[in-house]
Each structure stands twice: as structure tokens, then as C-alpha cells.
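Observations on the model geometry
Residue strings, one per chain:
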Amino acid sequence: MHADTARSAIDTFVSAFNASEDNYVTALLSQALTSDVIVWGPLGRSEGIESVERFVLDIRRHPAGPGTMVRCSGVDMPDEWARYRWVFTTPGGGPRLAGTDVVHLRRDLIDQMIIFAGDIAPAG
């Protein structure tokens, strides 16, 4: 698997958060994720592209206003796994959240995703 393939799937996934209209979200996710994608994250485990779509649409309707999601690191890819850092910001200096995602790719699409939101507490 090539890092360019992973980067393309990841960037398409991230772009779904920033789509100009909600009806583009499904198409973008379909280009980045398998239909049976499994996601582990702060809100628990979910399966299927529809659950990811609901999550993305909820984020797009953030109470502080429509935010912006960006990949803010390179894509590190040992074989079929990849990781990258992201940041979500809301308008006018509103809430900001950053994290790291680890994704697994199958046939050039993300089929598993682990979402780590926020920073890890220091040891001790």
C-alpha cells in the first residue's frame, strides 16, 4: 500500500467535515470509507458508513457554529495502517479540539478507524 493512497483516503474523509453542503458528505465518505467501516472513538464503537455520516453531520452542526477540520501532520504509514493528526476549530476563537487518528486501509479505503481526541496526560 502506498502512502499516497492512504493520504488521499484520509484527506477525502477530512474534507467531508468541510463540505459546502450536507448532501456532499455521503459522497465524500463513500470515496474514503468502506461501507462496513468500524470506528472506535471517544463516544464508543460504531459500524457502517451511516454511523460515520451521522457523526460528521453532528460535528458540522456544532453549537459554536460550523467548524473546520484539517489534517495538521503528515501521514505515517507502516504497511496497511496509517496515522495522522487533525485539528477542529470553530469560528471566532470558539472551541478547538485536536487529536490523532489511526486508520487501517483495505482496497484503498479506510475500513477501521481509531479516534484519539485531545492530548494524553503526562506520565506520573
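Attention here is on the structure that accompanies the text.

What counts, and where the lines are drawn
Residues numbered from 1 in each chain as written. Predicted model: local features only at pLDDT ≥ 70, side-chain atom pairs only at ≥ 80, totals over all residues. Heavy atoms only, no water. Pairing = 2+ DSSP bridges. Helix = DSSP H or I, 4+ residues; strand = E, 2+ residues; numbered from the N terminus. Phe/Tyr/Trp six-rings, centres within 6.5 Å; stacked < 30°, edge-to-face > 60°. Buried < 20%, exposed > 50% of the residue type's maximum accessible area, 1.4 Å probe, protein only.

A separate point is the pairing of strand β4 (residues 81-89). Looking down a regular strand, the side chains alternate between one sheet face and the other. Of the strand pairs in this sheet, strand β3 (residues 68-71) and β4 are connected by four bridges, and their pairing is antiparallel. Residue pairing in the sheet places valine 70 in a bridge with valine 87 of β4. Bridge count between β4 and strand β5 (residues 96-106): nine bridges; the pairing is antiparallel. Residue pairing in the sheet places tyrosine 84 in a bridge with aspartate 101 of β5. The hairpin formed by β4 and β5 contains six residues between the paired strands, and glycine 92 there has a positive phi angle of roughly 65°.

For the coordinates displayed, the defined rule picks out two aromatic pairs. Between phenylalanine 17 and phenylalanine 55, the ring centres sit 6.2 Å apart and the planes meet at 85°, which makes this aromatic pair edge-to-face. Within this pair, whereas phenylalanine 17 is found in helix α1 (residues 3-17), its partner phenylalanine 55 is found in helix α3 (residues 49-60), the two being separated by 38 residues in sequence. Relative accessible area serves as the criterion here: at 6%, phenylalanine 17 is assigned to the buried category. What links up through ring pairs into an aromatic cluster is the set Phe13, Phe17 and Phe55.

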